[in-house]
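Chain residues, written in single-letter form:
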Protein chains: 2
Amino acid sequence: MEPSPSPSLDRLFRPRSVAVVGASAQEESISGRPLKLLRRYGFSGALYPVNPRHQTLGGLPCYPDLLSLPEAPDVVLVGVRADLVPGVMEQCGQVGAGHAVVFSSGFAEGGDPEAQRRLADLARASGVRVLGPNCQGLVNLAEGIPLSFSASLDTDRRPVGSVGYISQSGAFGFASFAMAADQGVGFRYVATTGNQADLDVVDLGHYMLSDPEVRLLLLYLEGLSEGERFLHLLEAARAKGVPVGVLKVGRSAVAAAAAASHTAALTGDDAVWRALFRQYGVIPLEDGDDIQDLGRLAGSVPPPKGNRVGILTTSGGAGIILADACADAGLEVPSLSPDLRGRLDPYLPSFGSSANPVDMTAQVINDPLGFRGCLRALEESPEVDQSVAVLSMITGESGERMAEDLSSAFGEAKKPLACCWLIDREHGGRFVDRLRADGVPVYSSLGRCARALGALWRWSRSTPEPPVDAEVSRNLLDAFPTSLTEHDAKRFLARHGIPVTRERLVTSREEALEAARQIGYPVALKVMSPQIPHKTEAGAVALGLGGDEALTNAYGRILESALRFAPEGVIQGVLVQEMVREGFECLVGVKRDPLFGPLVAVGLGGIYVEVLRDVSLRRAPFGLQTAREMLRELKGYPLLTGARGQKPRDVDALAELVSRVSRIAAAEPCLGELDLNPVFVGFQGGGAVAADALVLRR
Amino acid sequence: MEPSPSPSLDRLFRPRSVAVVGASAQEESISGRPLKLLRRYGFSGALYPVNPRHQTLGGLPCYPDLLSLPEAPDVVLVGVRADLVPGVMEQCGQVGAGHAVVFSSGFAEGGDPEAQRRLADLARASGVRVLGPNCQGLVNLAEGIPLSFSASLDTDRRPVGSVGYISQSGAFGFASFAMAADQGVGFRYVATTGNQADLDVVDLGHYMLSDPEVRLLLLYLEGLSEGERFLHLLEAARAKGVPVGVLKVGRSAVAAAAAASHTAALTGDDAVWRALFRQYGVIPLEDGDDIQDLGRLAGSVPPPKGNRVGILTTSGGAGIILADACADAGLEVPSLSPDLRGRLDPYLPSFGSSANPVDMTAQVINDPLGFRGCLRALEESPEVDQSVAVLSMITGESGERMAEDLSSAFGEAKKPLACCWLIDREHGGRFVDRLRADGVPVYSSLGRCARALGALWRWSRSTPEPPVDAEVSRNLLDAFPTSLTEHDAKRFLARHGIPVTRERLVTSREEALEAARQIGYPVALKVMSPQIPHKTEAGAVALGLGGDEALTNAYGRILESALRFAPEGVIQGVLVQEMVREGFECLVGVKRDPLFGPLVAVGLGGIYVEVLRDVSLRRAPFGLQTAREMLRELKGYPLLTGARGQKPRDVDALAELVSRVSRIAAAEPCLGELDLNPVFVGFQGGGAVAADALVLRR
């Protein structure tokens, strides 16, 4: 499954001619607004209203159809009824239009997947790449080109910045854009993809990443049709050093059902998405708030070099709330050295505090140099990696001066600097607006500021493991029977280098006795039959057999039980297996996700998995770094490293086993599911061994 | 520790005369603003500026000192330097002023606890109850009386509503008030308490609760000096049906240190606060955002009867985000019946959806009756307990109409109805302002709306257990030795009705043999010595002794070890103890919190507590309801009720034991610490028994 290369979308994002099919004279209607917006933004290319009912529209000549245009338009905006769209698409193909942006609803989301398939076919046949249907189009803010009917663009405000934002939902996409713009976030492109009959979030994402001015990529996702292409997009962003924030909806069952019907995409399992976000260093978003909060920051400050935050505050209480929120967000609020405190103290009143948070108190309004001095001291100190200035109800001239000080400090800062100004619009709106105009990330919420700083810090620190090759051996599974017994599964795993229990398949009691003596008592006996995948339930297992007599008795008993359980079953033989005497119980498994392919899970055995659901998950294949991260993520990890005075376990061997399983999963396309349960992990140096295994083909 | 009765604070909150000591002609300074504000608000009582340097101030006669006033003022606002405050306080006492509100800083928070003690002494001696020092005063918005210098009050906007808000931090309190007012929250009182030399959050809280118009009480807390008084306040609020939201700061170590120095109070252990919030049904807040979000809702909608939310949206994507957020917040977004869908469908376009979220799509702007009809259908349906209308970029006349529809639906609603309007100020500000003026809780964030609805729902549902009496038996501990051995501890517990292992204290091998035969093998032997609290480490324990021979050997061995470990130790004897053969290991403990007194902890034994920190905590005493809640809170709870096909354990017996321990903790004032570890819990009907016990006196 190689990803299809992303098309160049220059004609879509930078058209020199735009036709508006179904253009209306009612400027406030969905069909009237695109033309209105293009004119309001002063679009410099050719503009062609198309509507057989008008001769002219807004002073422009209006054409009866696309075939009548004087040239092939780069973009055709389509706002007609769903049943008229195919005809328009045919004309697009005939004239050689570059792209169609289909606003029309009533395709897959309205219960007519057939209409959508037809649209996709027409796009493919004509070479006209389509955005939509059921989308609200896009805007290139950098060059002032709106190809949308969204009311959010009907303004003189052009919040140009470095954020690229792609949303499957048109209404949410442009609404969250407008609210973020209100909060000072600057965008370079906003695009909505709707039902994604043709072009999708991934295509548009690659295009935005090709613009070096894009410094943050934000995605609203309901689902995907191809997982791997999406992961390549994430890798491309990482390679360019561009953080990606993803708002993946449909986490709950109700929401997933709604998302599936909304844009008719596979929403996927939430646990899988969360695992992938960790694996690929994606910043998870939950709400439009997160779009504002991250957008404000990521586009305007340098990546943090560390997680130590210096807090400078006019309100002791607000400083404390921020310190709590920083701790929650994985940031450190370090104690400051006597040296640094000595530099801060001269600017503070006697009842202030140069501990961190640095409490200037409201007295700072009486000291014109204090704020500037404190900001400089923190910026210049190697003791903090980022700073936040917290201002409360500082008004009037003091507010003016502090906004100015902060702006100029921000302009010179080599470290991230953010501001929380806790003030109402009437008293502080103009300060906040001024700071935002200067690019300063200003928050009205302490918690949200801390969470955004924490997210950016985690992103800067995360170093996704370089892709690993799968095993050299491939397709070993082909040589095994269709239904694999435990013994088959173990031989398969052993050929791939996974340590398994010593064991021998026998077909008589005598052979069993010989094998047991060779392996060494105690042993386990297990009846091998493809018809008995769950051997314990069938009574086909005897554990801890200490000697010849016990083995002799058990041999007949388990064979009888097995035959009773599956009278028609094929008995391959009886497995004589070493009893692993000591080892911490873990499990390692592989499942295939419909979107993302093979995933590897590891958990501590028994109750940890079943009651506490303490499992970590990654997409295969991966190397040791990722395997170790998975283990460290487990809540029960201390049990492996020696909690309660226990000797530490062989974590290296377990990580090696997990990584190897991931490479097997990638190298065996016919492998559907794999369960190693339990894997026994010995003490350090003692290795890890699979004591039971189940392999299911796809 | 009976709580001191709260003083009536009518003279403070509704003064008929106010003196401003240190009043300044500079209206924008801290000492100038109180007078300015009182005049701006048209304070109708007598106003006395006091400052020897002025004859008049703002047209009012100015007095050289308090002694020169024509009457005893109800409130004296004090904004002079810290060293001048005692003189002012003395004059307050001499003239018989009602209250002093001390803005001045430089007391305990500035490293001068002595000055603060002196202030408290003066208050006590004179009967003048003091708010502050280091506070920003208060405002009675209902009657327009500002007793503060906060710039947040310097406006014509009077956001009068039903929220009472008390903050220890002056700057944060008024800043968060101003921001919440911007977001449509209406307040009745805002008060800041600063260092709380005299009046504290609890005093003011009781006063606000005495006003039936207060429908939500919000507290910003850094710490307390007396825990029990605070808990009585929570109980009083519960009795009146008033939700209490508490922003308790100092959760992280750095923040706790800052809080401790900021207002010099005991911040307390975060885990304890969280447990108390659960026990007393308090809504935990983390940020100023939460003040806005809860304030908007709790003051204006009826308490929800259930957690089923109907979502009505113009943006499918936004509806999905809200559905996810509702699930996260413990709310249900139920599927709607065919009947209800049949009522909604006529208002929806063919490509909309009457599933929940109900997706009206942007087409609703073309259908003037649709929104109203859908709102009514949800309000009238018994299938949902609360509704949220999600609007995206609906502008112009459509926006106008939908705001109107929503306002009138809200006015008639018997169920909670909230709105998320995702729009920028330019296009939607006036709709949002209009809705807020009509009392509709309007959010710009889907997640925050869901969290507020969830918090209010949890509050409505929570029914704190009525207080239980402690044990009838009290002070049994007095009859025991100063240092209790395990045997002493168990006798003590047994007398309080706690089931303990069968055991006998012996002083010879022969007696031991006899006891063992009586109890029944296997048994454990343990050397009892007050000098050996940790017996296993000292080798003073032998477990699982199966018969006479094993017991005989062990007897001498453990005595020897014990003597080697504590050569000077007093040996009380050797305990012969039944070995509990079967039982799920738990632990139950009591610790004494400096603020809140005895707390009971229960956890599943071994790794659950030590690695996963899976413990629940409550304040003693409590009954079975609370004990059961504690158990259900444990992540490992399914292990008790029969996870993995196990037979369920005797949860009732464990709950009974936990509740009994809580009553012992309350009935034994000399009990410092109690540890029952392990407690073995048998299968259903099998009881729970303490197998080891440690009692420490205070």
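Chains are numbered independently. Their residues run from 1 in the order of the written sequence. As they are written, the chains are lettered A onward and the ligands numbered 1 onward, keeping that order. Reporting of local features is limited, given that this is a predicted model, to residues whose pLDDT is at least 70; pairs of side-chain atoms are given and counted only at 80 or more, and all residues count toward the totals for whole chains, interfaces and linings. As a convention, hydrogens and water are excluded, and side-chain values are obtained from all of the structure's heavy atoms.

S.K.: Quick one: what's the story with the pairing of strand E11 (residues 187-192) of chain B, residue by residue and with numbers?
M.R.: Residue and element names in this part refer to chain B. Along E11, 6 of the 6 residues are buried, which leaves the element largely enclosed by surrounding structure. Whether two strands pair depends on DSSP finding at least two bridges between them. Only DSSP runs of H or I with at least four residues qualify as helices, and only runs of E with at least two residues qualify as strands; both kinds are numbered from the N terminus onward. As paired elements, strand E8 (residues 138-140) and E11 share 3 bridges and run antiparallel to each other. Following the sheet pairing, Val-139 is matched in E11 by Val-190. When strand E10 (residues 160-167) meets E11, the two strands line up parallel, connected through 6 bridges. Its bridge partner being in E11, Ser-167 is matched across the sheet by Thr-192. In this region the chain leaves E10, passes through helix H5 (residues 170-182) and returns to the parallel neighbour E11; the handedness of that crossover is right-handed. Under the scheme applied here, a residue whose accessible area is under 20% of the maximum for its type counts as buried, over 50% as exposed, and between as partly exposed, the area being computed with a 1.4 Å probe on protein chains only. A right-handed crossover is one whose linking path, passing over the helix from the first strand to the second, runs clockwise when the strands point away from the viewer.

S.K.: Let's hear about the packing of helix H11 (residues 316-328) of chain A against helix H16 (residues 446-461) of chain A: which residues, and what values?
M.R.: All names here are of chain A. Here H11 crosses H16 at 35°, and the two axes come no closer than 8 Å. Relative to H16, H11 is oriented so that their crossing is right-handed. Of the residues in H16, those in contact with Ala-318, Ile-321, Leu-322, Ala-325 and Cys-326 of H11 are Leu-446, Gly-447 and Ala-450. Residues are grouped as follows: nonpolar covers Ala, Val, Leu, Ile, Met, Phe, Trp, Tyr, Cys and Pro; charged covers Asp, Glu, Lys and Arg; every other residue, Gly included, is treated as polar. When the residues that make up the contact of H11 with H16 are grouped by side-chain class, the tally is 7 nonpolar, 1 polar and no charged. Here an axis means a line fitted to C-alpha atoms, over the contact stretch when the element is a helix, while the angle between two N-to-C directions is reported on a 0 to 180 degree scale. Handedness of each helix crossing follows the sense of rotation of the near helix against the far helix: counterclockwise by less than a right angle gives left-handed, clockwise gives right-handed. Should any heavy atoms of two residues lie within 4.5 Å, those residues are considered in contact.

S.K.: Residue-level account of the nonpolar core, with values.
M.R.: Membership of the largest hydrophobic core comes to 183 residues, with the highest contact counts inside it found for Phe-172, Phe-371 and Trp-421 of chain A together with Phe-172, Phe-371 and Trp-421 of chain B. Not counting residues within four places of it along the chain, the set of residues in contact with Phe-371 of chain A comprises Leu-312, Met-360, Val-364, Ala-389, Leu-391, Met-402, Asp-405 and Leu-406 of chain A. One finds Val-602, Ala-620 and Val-681 of chain A together with Ala-489 of chain B within the second-largest nonpolar core, a separate group that totals 93 residues. Within this scheme, the nonpolar core is defined by two criteria: the residues are buried Ala, Val, Leu, Ile, Met, Phe, Trp, Tyr or Cys, and they are joined through side-chain atoms within 4.5 Å.

S.K.: Any chance you could break down the pattern of salt bridges for me, citing the residues and the numbers?
M.R.: Salt bridges are defined as contacts in which a side-chain nitrogen from Lys or Arg sits within 4 Å of a carboxyl oxygen from Asp or Glu. Applying the stated criterion across every chain yields a total of 95 salt bridges over all chains. Here Glu-673 of chain A ties to Lys-591 of chain A by a salt bridge, and the two come within 3.9 Å at their closest N and O atoms. Note that Glu-673 of chain A is positioned in strand E27 (residues 671-681) and Lys-591 of chain A in strand E24 (residues 584-593), a separation of 82 residues in sequence. Close ionic contact of Arg-274 of chain B with Asp-270 of chain B constitutes a salt bridge, the shortest N to O distance being 3.2 Å. Pair noted here: Arg-274 of chain B and Asp-270 of chain B are both in helix H9 (residues 270-280), with a separation of 4 residues, about one helical turn. The partly exposed category is assigned to Arg-274 of chain B, whose relative accessible area is 45%. Among the ionic contacts, a cluster of salt bridges with common partners joins Glu-28, Arg-33, Lys-36, Arg-40, Asp-154 and Asp-156 of chain A.

S.K.: If you had to explain the domain arrangement of chain A to someone new, which residues and values would you point to?
M.R.: Residues and elements named next belong to chain A. Considered domain by domain, chain A is made up of domain 1 (10-223 + 236-259 + 268-276), domain 2 (300-461), domain 3 (502-578) and domain 4 (584-697). Residue ranges for the domains trace back to a domain assignment, done automatically or taken from a database. Each of domain 1 and domain 2 has a C-alpha centre, and these two points are 39 Å apart. Facing 9 residues of domain 1, the contacting portion of domain 2 comprises 5 residues. A 1.4 Å probe defines the accessible area here, and the buried area is the portion of it lost by two parts on being joined, summed over both. When the area that domain 1 buries against domain 2 is broken down by residue, the three leading residues are Gln-183, Arg-238 and Pro-243, summing to 59%. In this assembly, domain 1 and domain 2 are joined by 0 salt bridges. Polar contact is defined as a pair of N or O atoms within 3.5 Å, subject to the rule that within protein one atom must be able to donate a hydrogen and the other to accept it, and that residues adjacent in sequence are counted only when both atoms are side-chain atoms. Counting across the interface, domain 1 meets domain 2 through 1 residue pair in polar contact (both at pLDDT 80 or more). A per-class count over the side of domain 1 that touches domain 2 returns 3 nonpolar, 3 polar and 3 charged.

S.K.: An account of unusual backbone geometry is requested, with residue identities and associated values reported.
M.R.: With an omega dihedral of 5°, the bond running from Asn-356 of chain A to Pro-357 of chain A counts as a cis peptide bond. Here Pro-357 of chain A shows up in the loop between helix H12 (338-344) and strand E16 (358-359). Although it is not a glycine, Asn-134 of chain A sits at a positive phi angle of roughly 60°. Mapped onto the secondary structure, Asn-134 of chain A falls in the loop between strand E7 (129-131) and strand E8 (138-140). With a relative accessible area of 17%, Asn-134 of chain A lands in the buried category. Phi is positive for Gln-196 of chain B, close to 55°, though the residue is something other than glycine. Tracing the sequence through the fold places Gln-196 of chain B in the loop between E11 and helix H6 (201-209).

S.K.: An account of helix H2 (residues 33-40) of chain A is requested, with residue identities and associated values reported.
M.R.: All names here are of chain A. In terms of burial, H2 is largely enclosed, as 6 of its 8 residues are buried. Residues Arg-33, Pro-34, Leu-35, Lys-36, Leu-37 and Leu-38 constitute the buried set of H2. Buried-residue contacts for H2 involve strand E1 (17-21), strand E2 (46-50), strand E3 (56-57), strand E4 (60-61), strand E5 (75-78) and strand E9 (145-147).

S.K.: Break down the environment of Ser-210 of chain B for me, with residues and values.
M.R.: Residues and elements named next belong to chain B. Its place among the elements puts Ser-210 in the loop between H6 and strand E12 (216-221). When its relative accessible area of 46% is taken as the criterion, Ser-210 is described as partly exposed. Spatially, the C-alpha atoms of Ser-210 and Ser-8 are 9.6 Å apart, while their sequence positions differ by 202 residues.

S.K.: Describe in detail the environment of Ser-44 of chain B, supporting the description with residues and values.
M.R.: In this structure, Ser-44 of chain B sits in the loop between helix H2 (33-40) and strand E2 (46-50). C-alpha of Ser-44 of chain B to C-alpha of Ile-145 of chain B: the two residues are 101 residues apart in sequence and 9.0 Å apart in space.

S.K.: Describe the packing of aromatic side chains, and please don't skip the residues or the numbers.
M.R.: In this scheme Phe, Tyr and Trp rings, the latter by its six-membered ring, pair at centre separations within 6.5 Å, and the angle between planes marks the pair as stacked below 30 degrees, edge-to-face above 60, and tilted otherwise. Here the structure, examined in full by the defined rule, presents 28 aromatic pairs over all chains. Residues Phe-177 of chain A and Phe-187 of chain A carry aromatic rings whose centres are separated by 5.1 Å and whose planes lie at 75° to one another, so their mutual orientation is edge-to-face. Placement of the pair is Phe-177 of chain A in helix H5 (residues 170-182) and Phe-187 of chain A in strand E11 (residues 187-192), with a sequence separation of 10 residues. With a centroid separation of 6.2 Å and 35° between ring planes, the pair formed by Tyr-165 of chain B and Phe-187 of chain B is classed as tilted. Remark: Phe-187 of chain B occurs in strand E11 and Tyr-165 of chain B occurs in strand E10; sequence separation between them is 22 residues.

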